[in-house]
Amino acid sequence: MTIRLLLSVACLAVAAPAMAQVDIAAVDACIAESETPGACITDALATCDATDPETPAVATLCFTKEAATFNAGIAERIARLTEGASEEIATIARIETKYDVLSALLQCDRLEELSRAVGRDTGEVIQRQGARCKANAAGLTYVRLVQRAAQVE
């Protein structure tokens, strides 16, 4: 193992429990109050963004956890819509959300492929960038879903 990898593993062990997790209620409040709700996602991912660049594995784990939190928020919002809205509205929301996520993830794949083809970054850095892109994709999809749901709730 290289020293850098050992340091990353050690940092993961130390930092993983201390990493902040996205507070969905705070994101909801931010979306409701903000003129630029996309900034709410940037703010929510700030802890991961602030991770030391020398430990991309730590940031990757952080972004992966945040993406999972946003994805859980998406699932919860869809479930709420399914219970409270008409079948037509719920179906439209599911389809719109599905394609919002897929199109964003397709862009993440494109960026990763370009990074690998150009070869300027290490595999760890590319993984970090991919995890950040996926967390951002989930977050922005969550924002769009919250905004759409607000129109029918």
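First things first, this report covers the structure right here in the doc.

A look at the overall build of the protein chain
Move 1: Along its length, the protein chain carries seven helices and zero strands.
Move 2: Listing each helix as α and each strand as β along the protein chain from the N terminus yields α-α-α-α-α-α-α.
Move 3: Across the 153 residues of the protein chain, 34% fall into the buried class.
Move 4: Restricting to contacts in the protein chain with at least 6 residues of sequence separation, those with at least 24 account for 75%.

With respect to the nonpolar core
Move 1: With 27 residues, the main nonpolar core has Val-27, Ile-31, Phe-63, Phe-70 and Tyr-142 as its most contacted residues.
Move 2: Contributions of two or more residues to this core are made by helix H2 (24–33), helix H3 (38–44), helix H5 (56–84) and helix H7 (123–152).
Move 3: Contact partners of Ile-31, with chain neighbours within four places excluded, come to Pro-37, Cys-40, Tyr-142, Val-143, Val-146 and Gln-147.

Let's talk about the state of the cysteines
Move 1: Per the counting criterion, the structure on display carries three disulfides.
Move 2: Across the disulfide, Cys-30 is cross-linked to Cys-40 (sulfur-sulfur distance 2.0 Å). Across the S-S bond of Cys-30 and Cys-40 the torsion is about -85°, and the bridge reads as left-handed. Of this pair, Cys-30 sits in helix H2 while Cys-40 sits in helix H3, and the two are 10 residues apart along the sequence.
Move 3: The residue that forms a disulfide with Cys-48 is Cys-62, at a sulfur-sulfur distance of 1.9 Å. Judged by the torsion about the S-S bond (-75°), the Cys-48/Cys-62 disulfide is left-handed.

Overview of the packing of helix H6 (residues 87–118) against H7
Move 1: For the pair H6 and H7, interaxial distance at closest approach is 9 Å and the crossing angle is 160°. For the element pair H6 / H7, the angle class is roughly antiparallel. H6 and H7 meet at a crossing whose hand is right-handed.
Move 2: When its residues are assigned to classes, the contact of H6 with H7 shows 12 nonpolar, five polar and seven charged.

Quick look at the pattern of salt bridges
Move 1: Counted according to the given criterion, the structure contains eight salt bridges.
Move 2: Of the charged contacts in the structure, one is a salt bridge between Glu-96 and Arg-148, with a shortest N-O distance of 3.6 Å. Taken as a pair, Glu-96 in helix H6 and Arg-148 in helix H7 lie far apart in primary sequence, 52 residues in all.
Move 3: Owing to a relative accessible area of 27%, Arg-148 belongs among the partly exposed residues under this scheme.
Move 4: The closest approach of N and O atoms between Glu-112 and Arg-116, which form a salt bridge, is 3.2 Å. Of the two residues, Glu-112 and Arg-116 both sit in helix H6, four residues apart, roughly one turn of that helix.
Move 5: Take Arg-116: its relative accessible area is 46%, and that puts it in the partly exposed class.
Move 6: In this structure, a network of salt bridges that share partners links the residues Glu-96, Asp-100, Arg-144 and Arg-148.

Criteria and thresholds
- Residues numbered from 1 in each chain as written.
- Predicted model: local features only at pLDDT ≥ 70, side-chain atom pairs only at ≥ 80, totals over all residues.
- Heavy atoms only, no water.
- Helix = DSSP H or I, 4+ residues; strand = E, 2+ residues; numbered from the N terminus.
- Buried < 20%, exposed > 50% of the residue type's maximum accessible area, 1.4 Å probe, protein only.
- Contact = heavy atoms within 4.5 Å.
- Core = buried A, V, L, I, M, F, W, Y, C linked by side-chain atoms within 4.5 Å.
- Disulfide = S-S within 2.5 Å.
- Axes fitted to C-alpha atoms, helices over the stretch in contact; angles between N-to-C directions.
- Parallel < 35°, antiparallel > 145°, perpendicular 65-115°, else oblique.
- Left-handed = near helix turned anticlockwise from the far one by under 90°.
- Nonpolar A, V, L, I, M, F, W, Y, C, P; charged D, E, K, R; others polar.
- Salt bridge = Lys/Arg side-chain N within 4 Å of Asp/Glu carboxyl O.

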